[in-house]
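Examining the three-dimensional arrangement
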Amino acid sequence: MKVRPAQLDDLPTCAQLDGSFQTDWVWQMEVHTQGAETRVTFRPMRLPRTLNVPYPLEAMVLEWDWRHEEGFFVAEEEDEILGFLDVRIQPWERLGWVYHLVVDRSHRRPGVGTA
């Protein structure tokens, strides 16, 4: 498997990857205000049933990101795209934001996302 910068013609394939997932947990946020102080806490909460979360993306959205952002990479093996990463870099703050990290459902768990 290799990771490389995405090309424009990779984007339709990226948009077709199955990035959906299932979860039994969510984060519950609580906001506590006392005087001039505000405290926010998060705690994991188990759902009463499994939640299916779709991850639809349109090729048009990916193309805009590809043209305007600092990092858009694909993971491929034998000319098959397994997943992609869309990251925005803010060098003046020395940080980056991961906007999309998608590994096709059929290729999850062998380390594609880690690569």
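As a reminder, the structure under discussion sits directly above these lines.
How each quantity is defined
- Within any chain, residue numbers begin from 1 and follow the written order of that chain's sequence.
- Only residues with pLDDT of 70 or above have their local features reported here, since the model is predicted, and side-chain atom pairs are shown and tallied only from 80 upward, although totals for entire chains, interfaces and linings are computed over all residues.
- Excluding hydrogens and water, the side-chain values take into account all heavy atoms of the structure.
- Whether two strands pair comes down to DSSP finding at least two bridges between them.
- We count a stretch as a helix when DSSP gives it H or I for four or more residues in a row; a strand needs E for two or more, and each element gets its number in order from the N terminus.
- To get an axis, a line is fitted to the C-alpha atoms, and for a helix only the part in contact is used. The angle between two axes follows their N-to-C directions and goes from 0 to 180 degrees.
- As used here, the term nonpolar core means buried Ala, Val, Leu, Ile, Met, Phe, Trp, Tyr and Cys residues forming a set that is joined through side-chain atoms within 4.5 Å.
- Classification of residues uses two cut-offs on accessible area relative to the type maximum, computed with a 1.4 Å probe and protein chains only: under 20% is buried, over 50% is exposed, and between them is partly exposed.
- We call two residues in contact whenever any of their non-hydrogen atoms come within 4.5 Å of each other.

This part takes up the sheet that holds strand 1 (residues 2-5). With antiparallel pairing, four strands are arranged side by side in an open sheet as 1-4-5-6. Looking along the sheet, the strands with just one partner apiece sit at the ends: strand 1 and strand 6 (95-103). Taking each pair of neighbouring strands and ignoring which way they run, the sheet shows an average axis angle of 25°. With eight bridges joining them, strand 5 (residues 80-90) and strand 6 adopt antiparallel strand pairing. Within the sheet, the bridge partner assigned to Arg88 lies in strand 6 and is Trp97.

Glancing now at the nonpolar core. By size, the foremost hydrophobic cluster in this structure holds 12 residues: Ala6, Leu11, Cys14, Ala15, Leu17, Leu57, Leu62, Phe72, Val74, Ile81, Phe84 and Val102. Sorting elements by how many residues they give to this core places helix 1 (residues 11-16) first, with three residues. With sequence-adjacent residues up to four places away left out, Leu57 is seen in contact with Ala15, Leu62, Phe84 and His100.

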